[in-house]
Amino acid sequence: MDSNYQALVDAVIQAETAGHPRHELVLHIGATPQCVQGVGFEDLPLVIKAKTVGKAYFDHCVALALLKRLPDIVGAPKAIFRSDTQAGSVVVLTFELHGGHPIVVPVAPRRQVGRSDFVNEVTSIYAKEGPNRIARWAQAGLLLWQP
């Protein structure tokens, strides 16, 4: 696990708590995991915007420890589904739970963040509440990968 990524997550949360959000930062999570590449994503760096980290923590109540383990969590998912709302994106279903609901991590392919090269971007992290979405997604033919 990248200790620099973990330190940046801490810095983002501390800055936002102090009233000085660092939304312009882009945090490098690591390489796009093989399981995500296996469903059609390019071998590009996987990133998350600081604004997304703050939203996950403050608005979606995702634990800081989970945010810090994001590289490992995305690299070892329970399943990957095609997004039914964002064309070309996938939803990584994690083994993690929040309030009994699965944590999902939407990932968008080949985005240009700022003036940088292209990346694959984690666009959110949240608990997927409601009836068994996983069964509904699978029945809808959205399942792309499962170990």
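A brief report on the enclosed structure follows. Counting of residues starts from 1 at the beginning of each chain's written sequence and follows it residue by residue. Only residues with pLDDT of 70 or above have their local features reported here, since the model is predicted, and side-chain atom pairs are shown and tallied only from 80 upward, although totals for entire chains, interfaces and linings are computed over all residues. Only heavy atoms go into the side-chain values, all of them from the structure, while hydrogens and water stay out.

Take the overall build of the protein chain next. Scanning the protein chain from N- to C-terminus turns up six helices and eight strands. Secondary structure elements are defined from DSSP: runs of H or I of at least 4 residues count as helices, runs of E of at least 2 residues count as strands, and each element is numbered from the N terminus. Along the chain direction, N to C, the helices and strands of the protein chain fall in the order α-β-α-β-α-α-α-β-β-β-β-β-α-β. The globule rule used here is 2.2 Å times the number of residues to the 0.38 power, and the radius of gyration it is set against is calculated over C-alpha atoms. Relative to the compact-globule value of 15 Å for 147 residues, the protein chain shows a C-alpha radius of gyration of 15 Å, a close match. Burial analysis of the protein chain (147 residues in total) assigns 39% to the buried set. It only takes one pair of heavy atoms within 4.5 Å for two residues to be counted as in contact. Long-range contacts, defined here as pairs at least 24 residues apart, represent 53% of the contacts in the protein chain between residues at least 6 apart. Carbon and sulfur atoms make up 50% of the accessible area of the protein chain, which totals about 7700 Å². Just so you know, the count uses Lys and Arg for positive and Asp and Glu for negative, and it drops His and the chain ends. The location of each charge is read from NZ of Lys, CZ of Arg, CG of Asp or CD of Glu. In the protein chain, which carries 14 positive and 13 negative side-chain charges, the distance between the mean positions of the two groups comes to 6 Å. Classification of residues uses two cut-offs on accessible area relative to the type maximum, computed with a 1.4 Å probe and protein chains only: under 20% is buried, over 50% is exposed, and between them is partly exposed. Here the accessible surface of atoms and residues is derived via Shrake-Rupley with a 1.4 Å probe, and residues count as covered only by protein chains that are part of the display.

Regular strands place side chains that alternate from one sheet face to the opposite one. With six bridges joining them, strand β4 (residues 90-98) and strand β5 (residues 101-112) adopt antiparallel strand pairing. Directly across from His98, in β5, lies its bridge partner His101. Pairing between strands is defined by DSSP: at least two bridges between the two strands are required. The turn joining β4 and β5, which pair antiparallel and follow one another in sequence, is formed by two residues; a positive phi near 60° is taken by Gly99. In this structure, β5 lies alongside strand β7 (residues 126-127), joined through two bridges in antiparallel fashion. Bridging across to β7, Val104 finds its partner in Tyr126. Pairing between β5 and strand β6 (residues 118-122): four bridges, direction antiparallel. Paired with Val107 across the two strands is Val122, which belongs to β6.

Here the focus is the packing of aromatic side chains. For Phe, Tyr and Trp, rings pair up if their centres lie within 6.5 Å, where Trp contributes its six-membered ring, and each pair is then called stacked (planes under 30 degrees apart), edge-to-face (over 60) or tilted (otherwise). Inspection of every chain in the model, using the stated rule, returns two aromatic pairs. On the basis of an interplanar angle of 90° and a centroid distance of 4.8 Å, the ring pair of Tyr57 and Phe58 is categorised as edge-to-face. Note on Phe58: relative accessible area 33%, which makes it partly exposed. Charges are assigned to positions over rings by a cutoff of 6 Å between ring centre and Lys NZ or Arg CZ, combined with an angular limit of 35 degrees from the ring normal. Seen from the ring of Phe118, Arg110 lies directly overhead, with NZ or CZ sitting 4.0 Å from the centre.

What follows concerns the pattern of salt bridges. A pair is scored as a salt bridge if a Lys or Arg side-chain nitrogen falls within 4 Å of a carboxyl oxygen belonging to Asp or Glu. Taken as a whole and judged by the stated rule, the model has seven salt bridges. Residues Asp10 and Lys68 are paired through a salt bridge, measuring 3.0 Å at the closest nitrogen-oxygen approach. With Asp10 in helix α1 (residues 3-17) and Lys68 in helix α4 (residues 64-68), the pair connects residues that are 58 residues apart, well separated along the chain. On the accessibility criterion, Asp10 (23% relative accessible area) is partly exposed. The class of Lys68 is partly exposed, set by a relative accessible area of 21%.

Further remarks concern the environment of Phe81. Along the chain, the position of Phe81 falls in strand β3 (residues 79-82). Along the sequence, Phe81 and Val92 sit 11 residues apart, while their C-alpha atoms lie 6.5 Å from each other. Ignoring sequence-local partners within four residues, the contact set of Phe81 consists of Val90, Val91, Leu93, Ile134, Trp137, Ala138, Leu142, Leu143 and Leu144.

Structurally, Gln146 can be placed in the segment after β8 (143-145). For the pair Gln146 and Pro77, spaced 69 residues apart in sequence, the C-alpha to C-alpha distance is 8.0 Å. The residues touching Gln146, leaving out its near neighbours within four places in the chain, are Lys78 and Ala79.

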